Amino acid sequence: MNLFFVSLGCDKNLVDSEKMIALLVSQNISVTSTPEDAEIIIVNTCGFIHDAKEESIETILEMAEYKKTGKCVSLIMTGCLAQRYADDIQKEIPEVDAVVGTTAYDRIFEVVKDTLQGKKECALNDLDYLPKNLTNRVHTSSGYSSYLKIAEGCSKHCTYCIIPKLRGNYRSVPMEELLVEAEQLAKEGTKELIVIAQETTVYGVDLYGEKRLPKLLHELCKIDGIEWVRLLYCYPEEIYEDLIDSMIRNEKVCHYLDIPIQHSNDTMLKRMGRRTSHDDLVRIITHLRERIPDITLRTTLICGFPGETQEIHEELMQFINDMEFDRLGAFTYSPEEGTPAAAFEDQVDEELKKDWQADVMELQEEVIFDKNEEMKGRELYVFIEGQVEDDNAYVGRTYRDAPDVDGYIFINTDETLMTGDIVKVKVTGAYEYDLIGEICQ
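Notes on the structure in this doc start here.

1. Focus on the nonpolar core
Inference 1: Within the largest apolar cluster, 57 residues are counted, with the highest numbers of intra-cluster contacts made by I150, L213, L216, L220, L257, L288 and V360.
Inference 2: At six residues, helix 8 (residues 175–187) tops the list of elements feeding residues into this core.
Inference 3: Apart from residues lying up to four places away in sequence, L257 is in contact with L231, C234, I239, M247, L288, I295, T296, L297 and R298.
Inference 4: Core analysis: the next-biggest nonpolar cluster, separate from the first, contains 26 residues, Y233, M375, L380 and V425 among them.

2. Points about helix 2 (residues 50–64)
Inference 1: The first and last C-alpha atoms of helix 2 sit 21 Å apart over 15 residues, in line with the 21 Å expected at 1.5 Å per residue.
Inference 2: All of the buried residues along helix 2 are A52, K53, S56, T59, I60, M63 and A64. One face of helix 2 carries all of its buried residues, which in axial projection span an arc of 140 degrees. Helix 2 presents D51 and E58 as exposed residues on the side facing more than 90 degrees away from its buried surface.
Inference 3: In this structure, the buried side of helix 2 is in contact with strand 1 (2–7), strand 3 (40–45), helix 3 (66–69), strand 4 (74–79) and helix 4 (80–84).

3. Comments concerning the environment of K68
Inference 1: Here K68 lies in helix 3.
Inference 2: A C-alpha to C-alpha distance of 33 Å links K68 and S142, two positions 74 residues apart in sequence.

What counts and what doesn't
Residues numbered from 1 in each chain as written. Predicted model: local features only at pLDDT ≥ 70, side-chain atom pairs only at ≥ 80, totals over all residues. Heavy atoms only, no water. Core = buried A, V, L, I, M, F, W, Y, C linked by side-chain atoms within 4.5 Å. Buried < 20%, exposed > 50% of the residue type's maximum accessible area, 1.4 Å probe, protein only. Helix = DSSP H or I, 4+ residues; strand = E, 2+ residues; numbered from the N terminus. Contact = heavy atoms within 4.5 Å. Expected span 1.5 Å × (residues − 1). Arc of directions from axis to C-beta.

Geometric descriptors of this kind do not, in isolation, establish any biological role.
Structure (structure tokens):
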């Protein structure tokens, strides 16, 4: 039996995908890169915002064609969109043989077996069920850089966010299971562990009665083969001294934090259900830079949230200019069915949202260009990601860059480097978002 797997959406979804593939491979199912050769096709969907939902539906309909033109017997839909619209999917897309919710991915093999026997399946567990942590993974990329998902769900309930209704409240994965998984990843060649969850900073509170992220980082850094440990999705109000101390004390922990703030205006933050204020954000960011002078800070912002005005937008622009984030992404607000914000009055015109998003990214491009110019002459360790085709150059990332969302450094050299190598590089030039460098002699 051949399996073709499509993973859409976020890196947390990707971890689920890699675990599902591993579970099926352990049952003698082979993975193919060509959907027309697959008897089993699984699409792990995203349902976070409108564009992601559209992509998921389009992909399912595309894969459904292989039930007519290919060998497909079993078409299975998993992930957030499957969880959110299980009943509708079964009614509206009859080609789908099974729907598997976000807390039921550990049941994927039994679902596949049933569908191959002609049965229709709908596997949905209670949203606060924590699926069995499958420590084996089939890497969908090089495997030198791997995500470690330390928790499921979220208990923040921001007014714009559907995640708690798709993935339940926050549930930490027991630390001993995470360490087994991380050690397995290291044995398979992983050098960079990227620690993720909907929010990483409160890891352990539900299991141990206290935040255990510093302890987890300390234990991960003991694992042979792991060279970098990177933290994503740290809510600013949950950043605390023990965590900062852990980042300073453990040399393998990258001086990099992803802090999704969403906005800086107090009115917007309150309407969003966020737990910080403008002054809180300034204080936290200033403190982080005082404690860790070489820290790289990434954030994300929402443009055009209900009630935003031109004056509020300009206040946000001033905040971006003052704070000079090293990395920043901006998204237009998407009203999601079932969230409080979707029913708010004063919804913002779509074109105005896009204009404000463009303003933010144009300003951030200026900030990044100046910061990259300042990098010239610095020597940094670089994680090699591959070779530039038809050129004596390689592409890599510094500690300042997370995969897929940040920039790269291009290294001109006649030396032979391999993906996963970590080499010392001197920065010699800069683009808007990327750097140029040479191997230090």
